[in-house]
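Architecture at a glance
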Amino acid sequence: MRVLGVLAVTLIGMTGMTGAGFWAARHGEAGSWMIGPTSLATATAVLALSLVWSLPGDPRTDPRWRRRWNWISSGCAISGVANAVWVGALLGAQGVHPTLVIVGALAVPGYIGLAALIGERLRRVEARSPQYWQRTGPRPLLVGVAMGAVLAGAMQFGLGRADGADPLAVLPFAVQAVVLGAFGGTLVRVFPLSFAVNRALGADPAVRRAISKAVLQNRPVPDEHLESAARYAAIGRHAQAWLLAMLGLIYVMNAMTQLRDLVGGAHHPLPLILIAGLTVVYAVCLPAVLRQQRRLARYSDAHPVPVGAPA
């Protein structure tokens, strides 16, 4: 269920981005704008899946998490509507049939809504599987890379058979398909681990803050929370390691999108500005996540989970 849910959201995004790539190749600079809303819709869907999946409590029955749910649903709705308008305007400008314009526009919020529904379903699955977090191996990552490679090969083969087509034109999209497949594989590990971290910290916001701050800031943990802190650190060290891999892949995907334009001869300064901005953001974020991962690992080594403690 977990793998299928993540792969469904990832493959839909990969298909949309691939279709946008072919659209761009066919319509030139005007068509390249289609890559923007499809990429943003994919990112929004993945974010919706992750945020709903990792909710520590059910917002329908626990009012402490209802506000967070409202923020998630509002943000996803705004992004979905904005991208739907963007897609509809682009298709309409290219003279596409009105029926296809409407279908294309509605597909975006439908995709994001589907991701949120899958996230809610997976959240319920996690509540019944307390030991799943112990799976931390690289198998999903390897499966994702293999699936991306198959899609990349299909793209290269399909374009190579087209009359007058340049197979090298789709090469950047093929590489991105492999990276996106690897990204989907990391999600299979990141989300269950994030859910397990939330469960280890408990559903009380005040207690969660007290434990996480004490562990990450190397301060004494109250005696009544020692077991929860040990479990939080034991799971969190793996969650943060996979989060590092996920962030790195996100950077590669976004940077490749901009580099493709630069290598293709685009003289607009926007790609260079975006690459520089992304580099600055990740130069700040990645060391912070790495520092947290090391502190969690250090605390976990010094305070192992008591034998026989409930999961």
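Residues numbered from 1 in each chain as written. Predicted model: local features only at pLDDT ≥ 70, side-chain atom pairs only at ≥ 80, totals over all residues. Heavy atoms only, no water.

So, about the overall build of the chain. Assigned secondary structure in the chain consists of nine helices and zero strands. Going from the N terminus to the C terminus, the chain shows its helices and strands as α-α-α-α-α-α-α-α-α. When the 311 residues of the chain are sorted by exposure, 42% land in the buried category. The long-range fraction of contacts in the chain, counting pairs at least 24 apart against all pairs at least 6 apart in sequence, stands at 76%. Of the roughly 16,000 Å² that the chain leaves accessible, carbon and sulfur atoms contribute 67%. (Helix = DSSP H or I, 4+ residues; strand = E, 2+ residues; numbered from the N terminus. Buried < 20%, exposed > 50% of the residue type's maximum accessible area, 1.4 Å probe, protein only. Contact = heavy atoms within 4.5 Å. Areas by Shrake-Rupley, 256 points an atom, 1.4 Å probe, with all protein chains shown as cover.)

The final tally for this structure, using the stated rule, is four salt bridges. Note that arginine 124 is salt-bridged to glutamate 120, the shortest N-O span being 2.9 Å. With arginine 124 and glutamate 120 both in helix H4 (residues 98-127) and four residues apart, this pair spans about one turn of that helix. For arginine 124, a relative accessible area of 34% gives the class partly exposed. If you follow the salt bridges from partner to partner, you end up with Glu120, Arg123 and Arg124 in one network. (Salt bridge = Lys/Arg side-chain N within 4 Å of Asp/Glu carboxyl O.)

Another aspect to go through is the nonpolar core. In this structure, Val9, Leu49, Phe183, Phe191, Val215 and Tyr232 are the most contacted members of the largest nonpolar core, which totals 65 residues. Secondary-structure elements contributing two or more residues to this core are helix H1 (2-32), helix H2 (35-53), helix H3 (66-93), H4, helix H6 (171-201), helix H7 (205-216), helix H8 (226-263) and helix H9 (270-302). With 17 residues, the top contributor of residues to this core is H6. With residues near it in sequence (within four places) discarded, tyrosine 232 still touches Val197, Ala200, Leu201, Ile211, Ser212, Val215, Leu216 and Leu296. (Core = buried A, V, L, I, M, F, W, Y, C linked by side-chain atoms within 4.5 Å.)

With that settled, consider the environment of valine 221. Its location among the elements puts valine 221 in the loop between H7 and H8. Expressed as a C-alpha distance, the spacing of valine 221 and alanine 210, which sit 11 residues apart in the sequence, is 8.0 Å. Ignoring sequence-local partners within four residues, the contact set of valine 221 consists of Ala214, Val215, Leu226, Ala229 and Tyr299.

Here the focus is the packing of H2 against H3. Close contact between H2 and H3 brings their axes to 10 Å; oriented N to C, the two are set at 165 degrees. On the basis of their axis angle, the class for H2 and H3 is roughly antiparallel. By crossing handedness, the relation of H2 to H3 is classed as left-handed. Contact residues: H2 offers Gly36, Pro37, Leu40, Ala41, Thr44, Ala48, Leu51 and Val52, while H3 offers Trp69, Ile72, Cys76, Ser79, Asn83, Trp86, Val87 and Leu90. For the contact of H2 with H3, the class distribution of residues is 12 nonpolar, four polar and no charged. (Axes fitted to C-alpha atoms, helices over the stretch in contact; angles between N-to-C directions. Parallel < 35°, antiparallel > 145°, perpendicular 65-115°, else oblique. Left-handed = near helix turned anticlockwise from the far one by under 90°. Nonpolar A, V, L, I, M, F, W, Y, C, P; charged D, E, K, R; others polar.)

Unusually for a residue other than glycine, asparagine 218 sits at a positive phi of about 55 degrees. Counting through the fold element by element, asparagine 218 comes out in the loop between H7 and H8.

As a further point, take a positive patch on the surface. Together, Arg291, Arg294, Arg295 and Arg298 make up a region of like positive charge exposed at the surface. As for its position among the elements, arginine 298 is in helix H9. Accessibility expressed as a relative area gives 54% for arginine 298, which makes it exposed. (Patch = residues over 30% accessible without salt bridge, like charges linked within 9 Å, V, L, I, M, F, W, Y side chains within 5 Å. Lys, Arg positive; Asp, Glu negative; His and termini not counted. Charge placed at Lys NZ, Arg CZ, Asp CG, Glu CD.)

Moving on, we come to H3. Each full turn of the α-helix corresponds to 3.6 residues, which orients residues three or four apart in the same direction. Given a rise of 1.5 Å per residue, 28 residues ought to cover 40 Å, and the 40 Å separating the end C-alpha atoms of H3 matches this to within 8%. Looking one or two places after H3, you find glycine 95, whose phi comes out positive at around 75 degrees. (Expected span 1.5 Å × (residues − 1).)

Another aspect to go through is the environment of glycine 104. As for its position among the elements, glycine 104 is in helix H4. Considered as a pair, glycine 104 and leucine 91 are 13 residues apart in the sequence and their alpha carbons are 8.1 Å apart. Other than its neighbours up to four places away in sequence, glycine 104 contacts Val87 and Leu91.

Attention shifts here to a nonpolar patch on the surface. Together, Trp33, Leu40 and Trp86 make up an exposed nonpolar region whose accessible area comes to about 320 Å². Structurally, tryptophan 33 is set in the loop between H1 and H2.

Another aspect to go through is the side chain of glutamine 293. Looking at the element boundaries, glutamine 293 is found in helix H9. Here glutamine 293 falls in the buried class, since its relative accessible area comes to 16%. Not counting chain neighbours up to four residues away, the residues in contact with glutamine 293 comprise Arg237, Gln240 and Ala241.

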